[in-house]
Amino acid sequence: MASAPTSSISLQSNAPRTSFPSSSSSATKQFQTNLKFSFSLHSTKVARIKSSSTTNYNEVVIDEEMDRIRRLQNGSDVRGVALQGEKGRTVDLTPPAVEAIVESFGEWVIQGLEKEQGRVVEDVRVSLGRDPRVSGASLSVAVFAGLARAGCMVFDMGLATTPACFMSTILPPFAFDASIMMTASHLPYTRNGLKFFTKKGGLTSPEVEEICDKAARKYANRLAKVSKMLNTPPTRVDFMSTYAKHLRDIIKERVNHPLHYDTPLEGFQIIVNAGNGSGGFFTWDVLDKLGADTFGSLHLNPDGMFPNHIPNPEDKTAMALTRTAVLENSADLGIVFDTDVDRSGVVDNKGNPINSDKLIALMSAIVLKEHPGTTIVTDARTSMALSRFITDRGGQHCMYRVGYRNVIDKGVQLNKDGIETPLMMETSGHGALKENHFLDDGAYMVVKIIIEMVRMKLAGSDEGIGSLISDLEGPLESVELRMNIISEPRDAKARAVEAIEKFRSYIEEGKLEGWELDACGDCWVSDGCLVDSNETPAAVDAYMYRAKVSDKEHGEYGWIHMRQSIHNPNIAVNMQSMVPGGCLSMTKVLRDRFLVASGVDKFLDVSQIDKYAGTGLVK
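Here the structure is a predicted model, which means the values were calculated and not measured.

About the criteria used
Starting from 1, residues in each chain are numbered consecutively following that chain's sequence as written. With the structure being a predicted model, the display of local features is reserved for residues of pLDDT at least 70 and the display and counting of side-chain atom pairs for 80 or more, all residues being used for whole-chain, interface and lining totals. Only hydrogens and water are removed before side-chain values are computed, so all heavy atoms of the structure are retained for them. Here the rule is simple: two strands pair whenever DSSP picks up at least two bridges between them. Here a helix means four or more residues in a row that DSSP labels H or I, a strand means two or more in a row labelled E, and each is numbered from the N terminus. Two residues form a contact once any of their heavy atoms are found within 4.5 Å. The angle between two axes is taken between their N-to-C directions and runs from 0 to 180 degrees, where each axis is a line fitted to C-alpha atoms and a helix contributes only its stretch in contact. Put simply, buried Ala, Val, Leu, Ile, Met, Phe, Trp, Tyr and Cys residues joined by side-chain atoms within 4.5 Å make one nonpolar core. Classification of residues uses two cut-offs on accessible area relative to the type maximum, computed with a 1.4 Å probe and protein chains only: under 20% is buried, over 50% is exposed, and between them is partly exposed. Those domain boundaries reflect an automatic or database domain assignment. For salt bridges, the criterion is a side-chain nitrogen of Lys or Arg within 4 Å of an Asp or Glu carboxyl oxygen. Centres within 6.5 Å make a pair out of two Phe, Tyr or Trp rings, where for Trp the six-membered ring is used; the pair is then stacked when the planes are under 30 degrees apart, edge-to-face when over 60, and tilted otherwise. Helix span, expected: 1.5 Å multiplied by one less than the number of residues in the helix. Bend is computed residue by residue as the angle between axes fitted to the seven residues ending at the residue and the seven residues starting at it. Using protein atoms alone on a 1 Å grid, points that fit a 1.4 Å probe yet trap it form a cavity, whereas open point sets bounded by protein on both sides within 12 Å along at least five of seven lines form a pocket; residues with an atom within 4 Å of a point count as lining. Grid points are joined across faces, edges and corners, and a volume is the space filled by probe spheres set on the points. Charged means Asp, Glu, Lys or Arg here, nonpolar means Ala, Val, Leu, Ile, Met, Phe, Trp, Tyr, Cys or Pro, and polar covers whatever is left, Gly included. Any angle that is under 35 degrees is reported as roughly parallel, and any over 145 degrees as roughly antiparallel; angles of 65 to 115 degrees are reported as roughly perpendicular and all others as oblique. Working rule for handedness: look at the near helix, and if it is turned counterclockwise from the far one by less than a right angle, call the crossing left-handed; if clockwise, right-handed.

> Is there a simple way to think about the sheet that holds strand 20 (residues 477–485) in this case?
Consider a sheet: its strands pair through backbone hydrogen bonds, and that pairing is either parallel or antiparallel. If you walk across this open sheet you meet the six strands as 21-22-23-24-20-25, and the pairing is antiparallel. Each edge of the sheet is formed by a strand with only one pairing partner; in this case those strands are strand 21 (515–517) and strand 25 (604–605). This element, helix 16 (residues 607–615), spans strand 20 and strand 25 of the sheet and lies at about 145 degrees to strand 20.

> Help me out: how do you make sense of the nonpolar core in this one?
One broad trend across soluble globular proteins is that nonpolar side chains are buried collectively. Residues Phe282, Ile335 and Ile450 are the most contacted members of the largest nonpolar core, which totals 71 residues. In terms of residue count, helix 13 (residues 442–458) provides more of this core than any other element does, 11 residues in total. Inspection of this core shows a minimum of three residues originating in each of domain 1 (58–237) and domain 2 (241–469). Once you skip the residues sitting within four places of it in the chain, isoleucine 450 turns out to touch Leu265, Ile270, Phe282, Leu287, Leu333 and Ile335. Counting 41 residues, the second-largest nonpolar core is a separate cluster that includes Ile101, Ile180, Leu203 and Ile211.

> Even after reading the chapter, I still don't get the pattern of salt bridges, so can you show me in this structure?
Oppositely charged side chains are able to pair whenever their charged atoms sit close together. A complete count under the given rule lists 42 salt bridges for this structure. Across the salt bridge formed by lysine 200 and glutamate 116, the nearest N and O atoms sit 3.7 Å from each other. Linking lysine 200 in the loop between strand 8 (191–198) and strand 9 (201–202) with glutamate 116 in helix 3 (residues 95–117), this pair joins segments that are 84 residues apart in sequence. The exposure class of glutamate 116 is exposed, given its relative accessible area of 54%. Through salt bridges with shared partners, one network takes in Arg254, Glu370, Glu435, Lys448 and Arg455.

> Any chance you could explain the pairing of strand 24 (residues 570–577) here in plain terms?
In regular strands, side chains alternate between the two faces of the sheet. Counting buried residues along strand 24, eight of its eight residues qualify, which places the element largely inside the surrounding structure. Of the two faces of strand 24, the one holding Asn570, Ala572, Asn574 and Gln576 and the one holding Ile571, Val573, Met575 and Ser577 are both buried throughout. For strand 20 and strand 24, the ladder comprises eight bridges, and the chain directions are antiparallel. Across the sheet, residue valine 479 finds its bridge partner in strand 24, namely methionine 575. Pairing of strand 23 (residues 555–564) with strand 24 involves seven bridges; the strand directions are antiparallel.

> How should I be thinking about the packing of aromatic side chains in this particular structure?
To describe a pair of aromatic rings, one takes the distance between the centres and the angle between the planes. The tally for this structure, following the rule as stated, stands at 13 aromatic pairs. Measuring from centroid to centroid gives 6.4 Å for phenylalanine 239 and tyrosine 243, while their planes differ by 25 degrees, and the two rings are stacked. Of the two residues, phenylalanine 239 and tyrosine 243, both sit in the buried class. On the basis of an interplanar angle of 75 degrees and a centroid distance of 5.5 Å, the ring pair of phenylalanine 282 and phenylalanine 337 is categorised as edge-to-face. Of this pair, phenylalanine 282 sits in helix 8 (residues 281–287) while phenylalanine 337 is found in strand 12 (residues 333–337), placing the two residues 55 residues apart along the sequence.

> Just checking my understanding: could you explain the sheet that holds strand 15 (residues 375–379) for this structure?
Read across the open sheet, the five strands follow the order 16-15-17-18-19; overall the sheet is mixed. Each of the sheet's edge strands pairs with one partner strand only, and the pair in question is strand 16 (396–400) and strand 19 (439–440). The pairing of strand 15 with strand 17 (residues 423–425) spans three bridges and is classified as parallel. Residue threonine 378 lies in a different strand from strand 17, and its bridge partner there is methionine 425.

> Sorry if this is basic, but what is going on with helix 15 (residues 582–598) here?
Here helix 15 spans 23 Å end to end across 17 residues, near enough to the 24 Å set by a 1.5 Å rise per residue. Helix geometry: helix 15 is bent most strongly at arginine 591, by close to 35 degrees. Among the residues of helix 15, Gly582, Cys583, Met586, Thr587, Val589, Leu590, Phe594, Leu595 and Ser598 are the ones counted as buried.

> What is the right way to look at the layout of surface pockets in this model?
Gaps between atoms show up when a probe of the same size as a water molecule is rolled over them. For the second largest pocket, the calculated volume is near 1300 Å³. Arg70, Arg71, Leu72, Gln73 and Pro489 are, among the 45 residues lining the second largest pocket, the residues nearest its centre. By residue number, the principal contributor to the lining of the second largest pocket is helix 6 (residues 205–221), which donates six residues. When its residues are assigned to classes, the lining of the second largest pocket shows 17 nonpolar, 14 polar and 14 charged.

> Is there a simple way to think about the packing of helix 7 (residues 240–255) against helix 13 in this case?
In a pair of packed helices, the angle between the axes and the distance between the axes together describe the arrangement. Contact geometry of helix 7 with helix 13 gives a least axis separation of 10 Å together with a crossing angle of 25 degrees. Relative to helix 13, helix 7 is oriented roughly parallel. Viewed along their axes, helix 7 and helix 13 form a crossing whose handedness is right-handed. Between helix 7, through Tyr243, Leu247, Ile250, Ile251, Arg254 and Val255, and helix 13, the contact on the second element is made entirely by Ala443, Tyr444, Val447, Lys448, Ile451, Val454, Arg455 and Leu458. Among the residues making up the contact of helix 7 with helix 13, the classes are represented as 11 nonpolar, no polar and three charged.

Put into structure tokens, the structure is as follows:
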């Protein structure tokens, strides 16, 4: 086997970015201008609150100032509105808010390293990457300022992907102590957010909650919310070239092509739809350099307004456009990335979209070949057919709470407990592999699929990657409905928990005939993962329950899952049925015998439920 060539990349200030295009020159000037930007001053109001047990008055910082920061936490991420333009939503992810959060993160990193090493640490190095959102430049300045306040050295990776930010803490010669990715994934251009990494991986929800709580106190007690002037710009680094080479080397080594080791994708046409996000690099810096034909690829140019469609492998327009491009070009594979490339979906050579359950099935088929008899963890919205698909291939299927961090953390915990679990996937497209640091990396997942595609071709098969899931059955019906929570923002989480706990109690008390709280059967992992209320592997960050539904005519025919949204003040209701009209029947029971009977419809907007129950139409 020929050895793969190596390259030497050094850290340098203002390094040229030859292989990963940056924004326009005007945007660059704006970025440089923003380095000298300082935030306007405004005072924090203070209220005097009367104690219930004494006539004394205590001077406290008003709760609302602190709640503004705390509400920016979304599970293990920070997300908010960064630009005006959303009806009914005000800008809450402001530069002062970002600065306070990032300063608290920098302090958290330093404290963790000092505790780990038992000494004072200096020169703590933190990198920042971002997707192409138009708010990125000004908010980057706030990140740099916050890290400077915390005493960290700052490295700017420019346009990057979420998985690359984590890998920047691992791969030499960079190996930063921590990293931040500025992104709001598939959300509109008006949103933005932060994802945090150390060498141990992404932060958990409790860790982000701790950081946001400290940031809230900083923000509320800071009389002047003003950024430090950046006397020295952050060091610019080109990490994406190293990350792309890392992916190329994996493909070359694992394909080990007998004729052309360095260009194992010769003869394959692969379409990439980057959705104007950060995923274009995979086309020119991975596929092209491995010999693939990428003619017909879509929306590779980064554009923070996302003019063509939402960069999301769950988006119907994104998948339809990719399908058309694959069929028109007779391509072997189509790839759809989300904005920050921690998720992906594919289209096979026959134009069949592969996302959601199908993508989990495809990855399970590949992984179970390599690791027979092992466990696949998914979220609780996966189908009964997927469970059969996994078990038919000798695997074990563990369903867990919705939320990609929940699914990944469950897999980490199972591996620690001695249960080999190589793959953890959520129906949204988040997929993490044990072999890849338990990182949800959409590009790495596609790498696995490409390697299998080439291996199949070398073995003489022309069927394409879709043949691996030809026997996967889909549910006859699948529906998702939403109920907005009618309350003050600060009360939304408590109201959601109240409704979902009532849902649980109604089922346990037998008030919904034929409905039973679901679990993994005689669960060999732990007693009832789907109703697991303990705090391992991580504290519950969103409440949810799944019920299996039966009747005398059909037996068990479907399930219904009710969960608190992590990112928005609403409750999601997912249903699947194996019989015609099953979802409609479940919806009517949910509305009449639970939502109305329990009174939770008084603080939930059930208009979507009403419309579907009346018409059978989701929208």
